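A closer look at the structure
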Amino acid sequence: MMKAYYPETLEEALEALKNKDSRIIAGGTDLKLGRTQEGSLIFTEGIHELKKITRRDTHLAIGAGVTLSMLLEEREIPFMEKLVRSIASPGIRNWASVGGNLCNASPIGDLLPMVYALDGRVKLIKKGCERLLPIEEFILGRKRTALEEEELLKEVVIYCPVEGYKYFWIKISGREANSLSKVNSFATYKYEEKKLVDLKIAMGGLGPTVIREREIEEELIEVINRGEGVEELEVLFKEYQKLFRPVTDQRSESSYKLGVSRKIYLNLMEYILKDK
Ligand SMILES: Cc1cc2nc3c(=O)[nH]c(=O)nc-3n(C[C@H](O)[C@H](O)[C@H](O)COP(=O)(O)OP(=O)(O)OC[C@H]3O[C@@H](n4cnc5c(N)ncnc54)[C@H](O)[C@@H]3O)c2cc1C
């Protein structure tokens with residue numbers, strides 16, 4: 001028979017996770033339970049320790065239980081409102097959690113490009129130990145994470161300085177509201193005395209995981225600082241595109257996703273050049 005647990009502390013949740021076939025439910029908006037009648041469901045909604053957002057100097061730690069609606073209230077994070085308002089609908093956002101979005105490891109999860117681009121690390125916890133993994137090592141593939149038995153995601157830490165950076169978020173989907181992404185992208189960049197000093201780009205929907213390629217970012221910084229034009233940027237894009245492996249699915253054809261990825265890239269370049 002299936003059992004349900006309603007822990008109020010992390011300690012209680014970790015204890016419940018020791019049960020065989022246990023499954024965490026945060027908001028429950030992304031669950032496919034299957035037909036099993038066995039195992040246990042652990043509802044983490046009541047755990048306050050998972051619902052904190054803490055600024056640590058240039059970094060922000062966001063608890064796994066923070067809902068998308070709670071993120072909307074974070075007016076200090078410059079990009080958050082635009083990003084979160086593009087996800088689902090107000091009703092879903094009241095339940096949907098940050099942890100659920102990340103642990104679902106969907107190639108089109110809308111928080112993932114932001115976490116990749118902002119050098120995100122996840123804090124995983126199980127009884128007696130904690131570990132911190134870069135997001136690239138946490139997401140192993142489509143719907144696959146490095147979460148171990150009896151382990152849960154506690155928080156995600158992102159690099160998020162308040163000043164100096166510009167942010168770019170774009171989501172291509174069938175409708176403006178309540179619609180999953182076909183392709184999405186989050187980027188951030190910074191100029192100092194007319195020199196581009198930092199650029200981070202993450203693209204979702206173009207492979208089993210979000211794509212972030214630091215070598216391309218470094219080359220782009222050089223090309224832009226040299227004052228090269230669109231032609232040179234197109235050459236670099238051809239290199240970048242070799243990493244993309246989109247699949248045709250019910251939302252769109254792979255060729256459409258490739259075409260749209262070029263437009264997103266050029267759109268981002270336009271923003272960056274305009275700010276020079
Ligand atoms: C109508 C609709 C529209 C949607 N639109 C979007 C959209 O536009 N963009 C988008 O990205 N998503 C969308 N989603 C998907 C979903 O709402 C989000 O991914 C949401 O953030 C999932 O959070 P949750 O708390 O509901 O996860 P849950 O359903 O509770 O959990 C999802 C998975 O994560 C695991 N999990 C959750 N928390 C933890 C934890 N702390 N530690 C370990 N494992 C954990 C669960 O066991 C489960 O496997 C939509 C869903 C619906 C139903």
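Residues numbered from 1 in each chain as written. Predicted model: local features only at pLDDT ≥ 70, side-chain atom pairs only at ≥ 80, totals over all residues.

**What to know about the nonpolar core**
In this structure, Leu102, Val115, Ala117, Val156 and Ala202 are the most contacted members of the largest nonpolar core, which totals 60 residues. Those residues in contact with Ala202 that lie beyond four places of it in its chain are Pro113, Tyr116, Ala117, Ser185, Phe186, Val210, Ile211 and Arg212. (Core = buried A, V, L, I, M, F, W, Y, C linked by C-beta atoms within 7 Å. Buried ≥ 20, exposed ≤ 12 C-beta atoms within 10 Å, placed from the backbone. Contact = placed C-beta atoms within 7 Å.)

**Side note on the environment of Ala16**
Relative to the helices and strands, Ala16 is located in helix H1 (residues 10-16). Not counting the four nearest positions on each side in its chain, Ala16 is found in contact with Tyr5, Pro7, Ser22, Ser40 and Ile42. (Helix = DSSP H or I, 4+ residues; strand = E, 2+ residues; numbered from the N terminus.)

**Regarding unusual backbone geometry**
With the exception of glycine, most residues fall at negative phi, and the peptide bonds are largely trans. Positive phi values are uncommon outside glycine, yet Lys143 reaches one of about 65°. As for its placement among the helices and strands, Lys143 is situated in the loop between strand S8 (139-141) and strand S9 (144-145). Here the phi dihedral of Lys194 falls at roughly 65°; this positive angle occurs in a residue that is not glycine. With respect to the secondary-structure elements, Lys194 resides in the loop between strand S12 (181-192) and strand S13 (195-204).

**Description of the sheet that holds strand S6 (residues 121-126)**
Spatially, the 5 strands line up as an open sheet ordered S4-S5-S10-S6-S7, and their pairing is antiparallel. Each of the sheet's edge strands pairs with one partner strand only, and the pair in question is strand S4 (53-56) and strand S7 (129-134). Sheet twist, expressed as the average angle between the axes of neighbouring strands with direction ignored, equals 20°. Bridge count between S4 and strand S5 (residues 59-63): 4 bridges; the pairing is antiparallel. Bridging across to S5, Arg55 finds its partner in Leu60. (Pairing = 2+ DSSP bridges. Axes fitted to C-alpha atoms, helices over the stretch in contact; angles between N-to-C directions.)

**Brief notes about the site of the ligand**
Of all residues adjacent to the ligand, which total 29 residues, the nearest are Ala26, Gly27, Ser97, Gly100 and Asn101. Put simply, the parts of the chain that give the shell around the ligand at least two residues each are strand S2 (22-25), helix H5 (98-103) and strand S10 (152-159). Per-element tally for the shell around the ligand: the top contributor is H5, with 4 residues. For the shell around the ligand, the residue count by class is 15 nonpolar, 11 polar and 3 charged. The residues that make up the shell around the ligand include at least three from each of domain 1 (3-43) and domain 2 (48-159). (Near = placed C-beta within 6 Å. Nonpolar A, V, L, I, M, F, W, Y, C, P; charged D, E, K, R; others polar. Domains from an automatic or database assignment.)

**Brief notes about the domain arrangement of the chain**
Looking at the assigned domains, one finds that the chain contains domain 1 (3-43), domain 2 (48-159) and domain 3 (165-274). On a C-alpha basis, the centres of domain 1 and domain 3 stand 37 Å from each other.

**Looking at the packing of helix H8 (residues 214-225) against helix H9 (residues 230-241)**
Where H8 contacts H9, the two axes come as close as 11 Å, and the packing angle between them is 175°. The orientation of H8 relative to H9 falls into the category roughly antiparallel. Mapping the contact onto sequence places Ile216, Glu219, Leu220 and Val223 in H8 and Glu232, Leu233, Leu236, Glu239 and Tyr240 in H9. Looking at side-chain class alone, the contact of H8 with H9 contains 6 nonpolar, no polar and 3 charged residues. (Parallel < 35°, antiparallel > 145°, perpendicular 65-115°, else oblique.)

**Considerations on the sheet that holds S2**
Taking strand neighbours across the sheet as the criterion, the 3 strands line up as S1-S3-S2 in an open arrangement whose pairing is parallel. This sheet does not close on itself; its edge strands, each paired only once, are strand S1 (3-5) and S2. Direction aside, neighbouring strands of the sheet carry axes that sit 25° apart on average. Both S1 and strand S3 (residues 40-43) contribute to a ladder of 3 bridges, which runs parallel. Note on S3: the bridge partner recorded for Lys3 is Ser40.

**Looking at the pairing of S7**
In the sheet, S6 pairs with S7 via 6 bridges, with the strands oriented antiparallel. Across the sheet, the residue bridging to Leu124 is Arg131, located in S7. Here S6 hands over to S7 after 2 residues, with Gly128 in that stretch at a positive phi of 90°.

**What about the pairing of S5?**
From the end of S4 to the start of S5, which pair antiparallel, there are 2 residues, and Asp57 there has a positive phi angle of about 60°. Pairing analysis gives 5 bridges linking S5 to S10, with the strands arranged antiparallel. By the bridge assignment for S10, His59 is matched with Tyr159.

**Focus: helix H10 (residues 254-274)**
Because each turn of an α-helix spans 3.6 residues, side chains separated by three or four positions end up pointing in the same direction. With 21 residues, H10 extends 30 Å between its outermost C-alpha atoms, agreeing within 8% with the 30 Å of an ideal straight helix rising 1.5 Å per residue. Those residues of H10 that sit buried are Lys257, Ser261, Ile264, Tyr265, Leu268 and Ile272. Along the long axis of H10, the arc covered by the buried residues comes to 100°, so they all point the same way. Turned more than 90 degrees away from the buried face of H10, the exposed residues are Ser255, Gly259, Lys263, Asn267, Glu270 and Lys274. (Expected span 1.5 Å × (residues − 1). Arc of directions from axis to C-beta.)

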